[in-house]
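Next come the chains, spelled out residue by residue.
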Amino acid sequence: MQKSLLRKRLGFEGNFTQIPNAWVRDDRIGFRAKGILTLLMSHQDGWRISLEALADGQDGITAIRTAVTQLEENGYLNRQYLRNDKKQIEATEWIISDPFENLISENLISENLTSGNHTHKNNNINNNINKNTINTFEQFWEIYPRKIGKGAARKAWLKISKTHQSQTLLDAVSAYAQHPDLPEVQYIPHPSTWLNQERWMDDLSSMGKANATSVAADILQRSKQMQGQISER
């Protein structure tokens, strides 16, 4: 026996929340993520809620974070960092956005997401993924404590984002940038080097010792260079 869910008109209709069909039918995000979108869209502009408050309901904080990450990676949420006067990150907020805003029309999006036209569907999704990858790279660039070689860093980010979650990289670079033993700027690796060497997997607890060793080696090298210059004279 077939079992179905039936849609019918209800008495409260008219007091409603508008959500694009493309959002509801987007199979890249799960039902929990769509529920968060629905809650956000049911409130007025400027309304906010913490992840902890969302987790006080039926879902735990891990499930909520997973859903938020999914929304961010697919362009529904844009992350922003709030900094204090010392440029230190004090808070994180996500702002809702339309991942399909640059496409021709919602009707085209809806048709591509639900029809057999896989070529158009894949092109639209790939365009959105590319846009979101660039957005997350800009977040990485804002956080990374040494601003040098942006082109090389962007190239490394685009490559690594194909196999690693952007959220993992952003969390790691935030921890690195705020580490109390962060060395002086000249001893911080280029952002492209940090990415290509998978430095986000480093054990930060040993960073202070490693920095001291690096600085000592640099001083020794400079001393040898100075001695060589004196001998030449």
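All figures in this text were calculated on a predicted structure; none of them were measured in a lab.

### Digging into the nonpolar core
One finds Phe140, Tyr144, Trp157, Trp194 and Leu195 to be the most contacted residues of the largest nonpolar core, which totals 20 residues. For this core, the secondary structure elements donating two or more residues are α6 (118-143), α7 (150-160), α8 (166-177) and α9 (191-196). Sorting elements by how many residues they give to this core places α8 first, with 5 residues. Those residues in contact with Phe140 that sit more than four places away from it in its chain are Trp157, Leu170, Val173, Pro191, Trp194 and Leu195. If you look at the next biggest cluster of nonpolar residues, it comprises 16 residues, including Trp23, Ala67, Val68 and Leu71.

### A closer look at the environment of Ile160
Tracing the sequence through the fold places Ile160 in helix α7. Note: C-alpha distance between Ile160 and Glu198 (38 residues apart in sequence) is 9.1 Å. Among residues more than four places away in sequence, those in contact with Ile160 are Leu169, Leu195, Asn196 and Trp200.

### Let's talk about the environment of Glu13
Secondary-structure assignment places Glu13 in the segment before α1 (21-24). When its relative accessible area of 24% is taken as the criterion, Glu13 is described as partly exposed.

### Focus: the pairing of strand β2 (residues 89-96)
On a regular strand, one side chain projects to one face of the sheet and the next to the other, so that they alternate. With 7 bridges joining them, strand β1 (residues 77-83) and β2 adopt antiparallel strand pairing. Each bridged residue has a counterpart across the sheet, and for Leu77 the counterpart in β2 is Ile96. Taking the residues between adjacent antiparallel strands as the criterion, β1 and β2 are bridged by 5 residues, where Lys87 takes a positive phi near 65 degrees.

### Quick word on the packing of aromatic side chains
This model, assessed by the stated rule, comprises 11 aromatic pairs. Among the aromatic residues, those joined into a cluster by ring pairs are Phe137, Phe140, Trp141, Tyr144, Trp157, Tyr176, Trp194 and Trp200. The ring centre of Phe31 lies 5.4 Å from the NZ or CZ of Lys34, which sits over that ring.

### Focus: the pattern of salt bridges
Evaluated as defined, the whole model comprises 7 salt bridges. Note that Arg79 and Asp171 form a salt bridge whose closest N and O atoms lie 3.9 Å from each other. Pair noted here: Arg79 is in strand β1 and Asp171 is in helix α8, with a separation of 92 residues, a long-range link. On the basis of relative accessible area, Arg79 is assigned to the buried category, the value being 7%. A relative accessible area of 42% places Asp171 in the partly exposed class. Two residues, Glu142 and Arg83, come together in a salt bridge whose shortest N-O distance is 3.7 Å.

### Side note on the packing of helix α4 (residues 61-73) against α8
Running from N to C, α4 and α8 point in directions that differ by 105 degrees, and their axes come no closer than 10 Å. Here α4 is positioned roughly perpendicular relative to α8, judged by the angle of their axes. Contacts between α4 and α8 involve Thr69, Glu72 and Glu73 from the former and Ser166, Gln167 and Leu170 from the latter. In terms of residue class, the contact of α4 with α8 is made up of 1 nonpolar, 3 polar and 2 charged.

### So, helix α2 (residues 31-41)
Within α2, the full set of buried residues consists of Ala33, Lys34, Ile36 and Leu37. Burial along α2 is one-sided: seen end-on, the buried residues are contained in an arc of 155 degrees.

### Focus on the packing of α2 against α4
Contact pair α2 / α4: the axes reach a minimum separation of 9 Å and the direction vectors enclose 80 degrees. Taken as axis vectors, α2 and α4 run roughly perpendicular relative to one another. Contact with α2, carried on its side by Arg32, Ala33, Ile36 and Leu37, involves Ala63, Ile64, Ala67, Val68, Gln70 and Leu71 of α4 and no other residues of that element. Here the residues of the contact of α2 with α4 are counted per class, giving 8 nonpolar, 1 polar and 1 charged.

### A closer look at the side chain of Ser174
Mapped onto the secondary structure, Ser174 falls in helix α8. A polar atom in the side chain of Ser174 sits 2.9 Å from the backbone oxygen of Leu170. Setting aside its immediate chain neighbours within four residues, Ser174 contacts Tyr81 and Ile143.

### Focus: the confidence of the model for the protein chain
Averaged over every residue, the pLDDT of the protein chain is 77; the share at 70 or more is 75%. Across the protein chain, α2 holds the top mean pLDDT of 92, while helix α5 (residues 106-114) sits lowest at 47. A low-confidence stretch, residues 102-111 (pLDDT under 50), is modelled with 10 contacts involving residues beyond four sequence positions or located in other chains.

Rules used throughout
- Residues numbered from 1 in each chain as written.
- Predicted model: local features only at pLDDT ≥ 70, side-chain atom pairs only at ≥ 80, totals over all residues.
- Heavy atoms only, no water.
- Core = buried A, V, L, I, M, F, W, Y, C linked by side-chain atoms within 4.5 Å.
- Buried < 20%, exposed > 50% of the residue type's maximum accessible area, 1.4 Å probe, protein only.
- Helix = DSSP H or I, 4+ residues; strand = E, 2+ residues; numbered from the N terminus.
- Contact = heavy atoms within 4.5 Å.
- Pairing = 2+ DSSP bridges.
- Phe/Tyr/Trp six-rings, centres within 6.5 Å; stacked < 30°, edge-to-face > 60°.
- Lys NZ or Arg CZ within 6 Å of the ring centre and 35° of its normal.
- Salt bridge = Lys/Arg side-chain N within 4 Å of Asp/Glu carboxyl O.
- Axes fitted to C-alpha atoms, helices over the stretch in contact; angles between N-to-C directions.
- Parallel < 35°, antiparallel > 145°, perpendicular 65-115°, else oblique.
- Nonpolar A, V, L, I, M, F, W, Y, C, P; charged D, E, K, R; others polar.
- Arc of directions from axis to C-beta.
- Polar contact = N/O pair within 3.5 Å; in protein donor to acceptor, adjacent residues only side chain to side chain.
- pLDDT = per-residue confidence, 0-100.

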